[in-house]
Amino acid sequence: MKKNEYLAELKSELKRNNAADMDDIMSEYEQHFAFKMADGYSEEEIAAKLGTPAQIAAQFDSAKDAAKKMTGTNIFLKLGLGFTAIFEAMFYILFLAWDIVLAVSTLTFGVLGFCLVSTLNISGLIPYMPFLGSLILGISIVGLALIFGVASVYCFAFLKQMIRASVRWHKNMVSASALPPLPWSPQFEPKTRRRLRTVLLGAIALFGVCFVLAYIVMALQAGALGFWHAWNWFV
Amino acid sequence: MNTQYKKGVLELCVLSMLKHENRYGYEISEYLSKRIDIADGTVYPILRKLKSDGLVTTYLSEESGGPPRKYYSLTELGRSTYDADCAEYLEFAKTVESMLKENKDEKE
């Protein structure tokens, strides 16, 4: 193949692949021919050593993709991603609020349980209750605190993982080199997951059993099913 | 050896060539194709990719007699990338070499 033939074919191949900066690429190959010819090679030899125009043009594909990503569609892509991010942020804030509710509930039930078990009655907030009933009810409330505790830990891990996954997703949408996507659900170590499950099941059992038991004990102590009336709790 | 496999290594070779001096495209192409069996034309797409990745920059320089040459030089990013990739590659090559030797000896 002659020089002009080769270059013309290369140009049409590049055009077909929609390569960026075609003139720049072409001038590089024109110079290559010029230098090689100055070194005494024939046009045919040079063309043969270069590789076929189709092969060469195909190797510029990635350059085209990268260039395309940096301009044009990118504005719309970024705008779209920005909008998505706003809604995502709103959702995450809501989710965080929910998690705070769970955490505060954990704390509240923990304190209440402790007060009942230790018969610590801060400024008379807890109504009259004989010790045994208060002890068992206190234990059941501690169980409830544990349930909420596990839930809040899980929700927090979920939120964290969702944010990480979405940040990764956003990054992958705009950058050429993509990292593997992250899973959306929290990834606990097997050991941690087993522990959380054990604590949760134990807490549910503790809460259920002790709550029923507390009711029975207090009903017996008051001699009435509605012991709260007998002890004038709501008067 | 298959060309796809060589391409990643060629990028590193180009960076290493530019570490101590700036060179123009044809010079790089000649240097590489004399040592490694590749088509001459493959070097330019690699240079372009390195440029779009921000590892090298180009400038034109007038030479006596002839068209201006497009010189390539390493950017700061290119320099740090080269240092990291070079160390990583040498380590990798050492492992591969010892693994290949080890298994070759076992068979014989």
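Residues numbered from 1 in each chain as written. Chains lettered and ligands numbered in written order. Predicted model: local features only at pLDDT ≥ 70, side-chain atom pairs only at ≥ 80, totals over all residues. Heavy atoms only, no water.

## Considerations on the interface of chain A and chain B
Listed per partner, the contact involves 19 residues of chain A and 18 residues of chain B. On the chain A side of the contact with chain B, Glu-28, Phe-35 and Gln-59 of chain A bury the most area, a combined 34% of that side's loss. Run the count over chain A and chain B and you get 6 salt bridges. A salt bridge links Asp-24 of chain A to Lys-70 of chain B; the shortest N-O distance between them is 2.9 Å. Linking chain A to chain B there are 10 residue pairs in polar contact (both at pLDDT 80 or more). (Contact = heavy atoms within 4.5 Å. Buried area = accessible area lost by both parts, 1.4 Å probe. Salt bridge = Lys/Arg side-chain N within 4 Å of Asp/Glu carboxyl O. Polar contact = N/O pair within 3.5 Å; in protein donor to acceptor, adjacent residues only side chain to side chain.)

## Looking at the nonpolar core
Counting 39 residues, the largest nonpolar core has Tyr-6, Leu-14, Tyr-29 and Phe-60 of chain A together with Val-14, Ile-28 and Leu-32 of chain B as its most contacted members. Contributing elements (two or more residues each) for this core: helix H1 (3-16), helix H2 (22-38), helix H3 (43-50) and helix H4 (53-59) of chain A together with helix H1 (3-17), helix H2 (25-35), helix H3 (43-52) and strand S3 (69-74) of chain B. No other element matches H2 of chain A, which puts 6 residues into this core. Not counting residues up to four positions away in its chain, the partners in contact with Tyr-6 of chain A are Met-1, Phe-33, Ala-47, Leu-50, Gly-51, Thr-52, Pro-53 and Ile-56 of chain A. (Core = buried A, V, L, I, M, F, W, Y, C linked by side-chain atoms within 4.5 Å. Buried < 20%, exposed > 50% of the residue type's maximum accessible area, 1.4 Å probe, protein only. Helix = DSSP H or I, 4+ residues; strand = E, 2+ residues; numbered from the N terminus.)

## Quick notes on the side chain of Asp-99 of chain A
Turning to its location among the elements, Asp-99 of chain A is positioned in helix H6 (residues 73-117). One buried charged residue, Asp-99 of chain A, forms no salt bridge at all, with the nearest opposite charge on Lys-160 of chain A at 11 Å. (Lys, Arg positive; Asp, Glu negative; His and termini not counted.)

## Looking at the pattern of salt bridges
As enumerated under the stated definition, the model contains 15 salt bridges over all chains in all. Residue Lys-36 of chain A pairs with Glu-30 of chain B through a salt bridge whose shortest N-O separation is 3.0 Å. You can see Lys-36 of chain A sitting in helix H2 and its partner Glu-30 of chain B sitting in helix H2, one on each of two chains. Look at Lys-36 of chain A and you get buried, because its relative accessible area is 2%. Glu-30 of chain B is paired through a salt bridge with Lys-34 of chain B; the nearest N and O atoms lie 3.6 Å apart. Of this pair, Glu-30 of chain B and Lys-34 of chain B are both found in helix H2, 4 residues apart, which corresponds to roughly one turn of the helix. You can call Lys-34 of chain B exposed: its relative accessible area is 65%. Among the charged side chains, a network of salt bridges with common partners joins Lys-36 and Lys-49 of chain A together with Glu-30, Lys-34 and Asp-40 of chain B.

## Re the packing of aromatic side chains
Residues and elements named next belong to chain A. Considering all chains together, one arrives at 22 aromatic pairs over all chains under this definition. Seen in terms of ring centroids, Phe-91 and Phe-95 are 5.8 Å apart; in terms of plane orientation they differ by 50°. Their pairing is tilted. Here Phe-91 and its partner Phe-95 are both found in helix H6, 4 residues apart, which amounts to about one turn of the helix. Ring geometry for Phe-227 and Trp-231: centres 5.5 Å apart, planes at 50°, overall tilted. Classification of Phe-227 as buried rests on a relative accessible area of 5%. Overall, Trp-231 belongs to the buried group, its relative accessible area being 16%. Ring-pair connections join several aromatic residues into one group, and the members of that group are Tyr-128, Tyr-215, Phe-227, Trp-228, Trp-231, Trp-233 and Phe-234. (Phe/Tyr/Trp six-rings, centres within 6.5 Å; stacked < 30°, edge-to-face > 60°.)

## Looking at unusual backbone geometry
Residues and elements named next belong to chain A. A positive phi angle, near 50°, is found at Thr-119, a position not held by glycine. Counting through the fold element by element, Thr-119 comes out in the loop between H6 and helix H7 (131-174). Residue Thr-119 is classed as partly exposed on the basis of its relative accessible area of 47%. A positive phi angle is found at Ser-123, which is not glycine, with a value near 40°. Position of Ser-123 relative to the elements: it lies in the loop between H6 and H7. By relative accessible area, Ser-123 is classed as exposed at 66%.

## Examining the environment of Thr-42 of chain B
All names here are of chain B. Positionally, Thr-42 belongs in the loop between H2 and H3. Using a relative accessible area of 10% as the deciding quantity, one classes Thr-42 as buried. Linking Thr-42 and Lys-7, residues 35 residues apart in sequence, is a C-alpha distance of 8.8 Å. Polar side-chain contacts of Thr-42 include one of 2.3 Å to the backbone oxygen of Ala-39.

## Looking at the confidence of the model for chain B
All names here are of chain B. The predicted model of chain B has a mean per-residue pLDDT of 85, with 91% of residues at 70 or higher. Per-element averaging of pLDDT across chain B places H1 at the bottom with 82 and strand S1 (residues 23-24) at the top with 90. Under the prediction, the complex receives an ipTM of 0.81, its pTM being 0.49. (pLDDT = per-residue confidence, 0-100.)

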